[in-house]
Amino acid sequence: MKNVVIIGGGFAGIRAAKALASASVSVFLVDRKNHHTFQPLLYQVATATLSPADIAQPIRAILQKQKNTCVIMDEVTSIDIEEKKVHLKNEGALPYDYLVLATGATHSYFGHNEWEQFAPGLKTIEDALRLRGRIFSVFEEAERDMVRTNTHKPLNFVVIGGGPTGVEVAGALADTCHVYLRDEFRHIDTTKARVILLEAMSKVLGPYPDDLSSSAFQQLNECGVEIMINTQVTDVQESYVMTSAGKIDAAVIIWAAGVQASPLGKDLGFPVDRRGCVMVDQFLNPPAHPEIFICGDLAHFEQDGKQLPGVAQTAMQMGVHAAEVIKQDLESKPRKPFKFFDKGDMATIGRMRAVANIRWPFNAHAKGFAAWVSWLIIHIFFLIGLRNRFLVFWQWIWTFSSCQRGAQLITDNEVLCKHEAQLASKK
Ligand SMILES: Cc1cc2nc3c(=O)[nH]c(=O)nc-3n(C[C@H](O)[C@H](O)[C@H](O)COP(=O)(O)OP(=O)(O)OC[C@H]3O[C@@H](n4cnc5c(N)ncnc54)[C@H](O)[C@@H]3O)c2cc1C
């Protein structure tokens, strides 16, 4: 039997593996984590609406019924495309006949990697937990300072980047400060906290149609987010962000401004775009390698003259397509080219608000509550695992009806150590 090695258990990798369930191949899915993360809901872990296990699922559990599939938790360090071998950090090399490379993307600090320590991004469960720790420890510190000195540092949360992630994070943070924490502290007024969203372009949600982008701007304002458009970030330090409009003091800074492809793509030596995404042909292959498929955020695929967006639906469709082409090869059928079917996009803005650019089953622009309900339904539908669907559904009902959150824990070690150090220095 032919060996299919899939690298990455994200949206593309999992879909590729599932689509090969009944094929006469041996599938090896390698991921450095033991779980698949539903990244679109990471911000809800960071702002304590959901717990990590609500949005993550062990890859082994997802594929347990697939007898032809073996899951390996390891990191791929390099790929020998001549020898057709994938080199693993711990377990030697894995030979392949077909390779599906779907290692996704990571944050880009536009050449300022030193900003990362002060302005972390959201990509993994660990990132979300660290951010959750930072956010909630800022309130704890302010409450302590208020008791001791009757004053505290400004509770400013600065979100850099007004794309879908930045908009969702800013909306959720505004609700956290102005709604959820309102009655929990005795000495500080969390409703006075500022959430500032910085965007270099002239509008938020840049790729969305103008009416949705303006609606998102208005809805963000309604939930108390201060938006600064046409504002470039020039420096990021621990307690402030320097911008083209001046200095902004910041208690917590969140990076949602840019992504770059996982380095494995570039290391293969194939042509890449400026973000490191591998240029692929109509079958998702890099030049002269029909046995290699590049899928998801790592792929640069153009349709109708435009690059496909780095979103979950693109990754899922690419993963399925790579598997279909492998099956067509095995059955000696001609390969079918990849065609992306765009169902639309949506972004939520705190509770009860959202914008949705619906393209299937009909064309429509939805705003406000109607868009938010569609967002809820679609996210429940695409979550992997019945248990997670049920848990998230229940958590949302509980959170939105009671205005309380069950996941408001500070557990990250780095944050706790900083907290200990602060206490020691103030003694
Ligand atoms: C905060 C956030 C919010 C988002 N919101 C939305 C949204 O609302 N809607 C939407 O459609 N999309 C959203 N996206 C984008 C969407 O999540 C991505 O487009 C999608 O995850 C890409 O899937 P992928 O399979 O290419 O990569 P990923 O899902 O990133 O999976 C890559 C996998 O590869 C593994 N990996 C990487 N390198 C190695 C290695 N060297 N060895 C072994 N394993 C490796 C990783 O551990 C990971 O499991 C969001 C993304 C983020 C970060």
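Predicted, not measured: the structure shown is a model, and the values here were computed from it.

1. Notes on the overall build of the protein
Then step 1. Scanning the protein from N- to C-terminus turns up twelve helices and 26 strands.
Then step 2. Taking 2.2 N^0.38 as the reference for a compact globule, 427 residues should give roughly 22 Å; the C-alpha atoms of the protein span a radius of gyration of 22 Å, in line with that estimate.
Then step 3. Each principal axis of the C-alpha distribution contributes one length, and for the protein these read about 75 × 50 × 40 Å.
Then step 4. Burial status across the protein gives 53% buried among its 427 residues.
Then step 5. For the protein, restricting intrachain contacts to residue pairs at least 6 apart in sequence, the fraction spanning at least 24 positions comes to 62%.
Then step 6. In the form shown here, the protein has an accessible surface area of approximately 19600 Å², with 54% of it arising from carbon and sulfur atoms.
Then step 7. Averaging the coordinates of the 44 positive side-chain charges in the protein and doing the same for the 45 negative ones gives two points 4 Å apart.

2. Quick look at the packing of helix α1 (residues 11-19) against helix α9 (residues 312-330)
Then step 1. With their axes 7 Å apart at the nearest point, α1 and α9 run at an angle of 35° to one another. Like other packed secondary-structure pairs, α1 and α9 cross with a definite hand, here right-handed. Between α1 and α9, the residues in contact are Phe11, Ala12, Arg15, Ala16 and Ala19 and Ala312, Ala315, Met316, Gly319, Val320, Ala323, Glu324 and Lys327, respectively.
Then step 2. Taken together, the residues of the contact of α1 with α9 sort by class into nine nonpolar, one polar and three charged.

3. Quick look at the domain arrangement of the protein
Then step 1. Here the protein is described as being made up of domain 1 (2-32 + 74-108 + 259-330) and domain 2 (113-255 + 352-426).
Then step 2. With seven residues of domain 1 at the contact, the number on the domain 2 side is eight residues.
Then step 3. The interface formed by domain 1 and domain 2 holds zero salt bridges in total.
Then step 4. Counting the contacts that link domain 1 with domain 2 gives two residue pairs in polar contact (both at pLDDT 80 or more).

4. Examining the pattern of salt bridges
Then step 1. As enumerated under the stated definition, the model contains 18 salt bridges in all.
Then step 2. Among the ionic pairs, lysine 192 bridges to aspartate 189, the shortest N-O distance being 3.3 Å.
Then step 3. Judged by its relative accessible area of 65%, lysine 192 is exposed.
Then step 4. Connected via shared salt-bridge partners are Asp127, Arg130, Arg134, Asp412 and Glu414.

5. Focus on the sheet that holds strand β25 (residues 354-358)
Then step 1. Judged by pairing direction, the sheet is antiparallel, and its three strands sit side by side in the order β24-β25-β26 without closing on themselves. Each end of this open sheet is capped by a strand with a single partner; those strands are β24 (344-348) and β26 (364-367). Neighbouring strand axes in the sheet, compared pairwise and without regard to direction, differ in orientation by 5° on average.

6. Section: the pairing of strand β9 (residues 98-101)
Then step 1. Going residue by residue along β9, you find Tyr98 and Val100 tucked away on one face and Leu99 and Leu101 tucked away on the opposite face as well.
Then step 2. Two elements, strand β1 (residues 2-7) and β9, share four bridges in a ladder whose sense is parallel. Within the sheet, the bridge partner assigned to valine 4 lies in β9 and is tyrosine 98.
Then step 3. In this structure, β9 lies alongside strand β20 (residues 292-294), joined through three bridges in parallel fashion. Each bridged residue has a counterpart across the sheet, and for leucine 99 the counterpart in β20 is isoleucine 292.

7. What to know about the packing of aromatic side chains
Then step 1. This model, assessed by the stated rule, comprises 14 aromatic pairs.
Then step 2. Look at phenylalanine 11 and phenylalanine 38: their rings are 5.6 Å apart centre to centre, the planes differ by 65°, and that puts the pair in the edge-to-face class. With phenylalanine 11 in helix α1 and phenylalanine 38 in the loop between β3 (35-37) and α2 (42-46), this pair connects stretches of sequence that are 27 residues apart.
Then step 3. Under the relative-accessibility criterion, phenylalanine 38 is labelled buried at 4%.
Then step 4. Taken together, a centroid distance of 4.6 Å and an interplanar angle of 25° make the contact between tyrosine 109 and tryptophan 255 stacked. With a gap of 146 residues between them, tyrosine 109 in the loop between β10 (105-107) and α5 (125-149) and tryptophan 255 in strand β17 (residues 252-255) connect regions that are remote in the sequence.

Reading the values: the criteria
- Residues numbered from 1 in each chain as written.
- Predicted model: local features only at pLDDT ≥ 70, side-chain atom pairs only at ≥ 80, totals over all residues.
- Heavy atoms only, no water.
- Helix = DSSP H or I, 4+ residues; strand = E, 2+ residues; numbered from the N terminus.
- Rg over C-alpha atoms; globule rule 2.2 N^0.38 Å.
- Buried < 20%, exposed > 50% of the residue type's maximum accessible area, 1.4 Å probe, protein only.
- Contact = heavy atoms within 4.5 Å.
- Areas by Shrake-Rupley, 256 points an atom, 1.4 Å probe, with all protein chains shown as cover.
- Lys, Arg positive; Asp, Glu negative; His and termini not counted.
- Charge placed at Lys NZ, Arg CZ, Asp CG, Glu CD.
- Axes fitted to C-alpha atoms, helices over the stretch in contact; angles between N-to-C directions.
- Left-handed = near helix turned anticlockwise from the far one by under 90°.
- Nonpolar A, V, L, I, M, F, W, Y, C, P; charged D, E, K, R; others polar.
- Domains from an automatic or database assignment.
- Salt bridge = Lys/Arg side-chain N within 4 Å of Asp/Glu carboxyl O.
- Polar contact = N/O pair within 3.5 Å; in protein donor to acceptor, adjacent residues only side chain to side chain.
- Pairing = 2+ DSSP bridges.
- Phe/Tyr/Trp six-rings, centres within 6.5 Å; stacked < 30°, edge-to-face > 60°.

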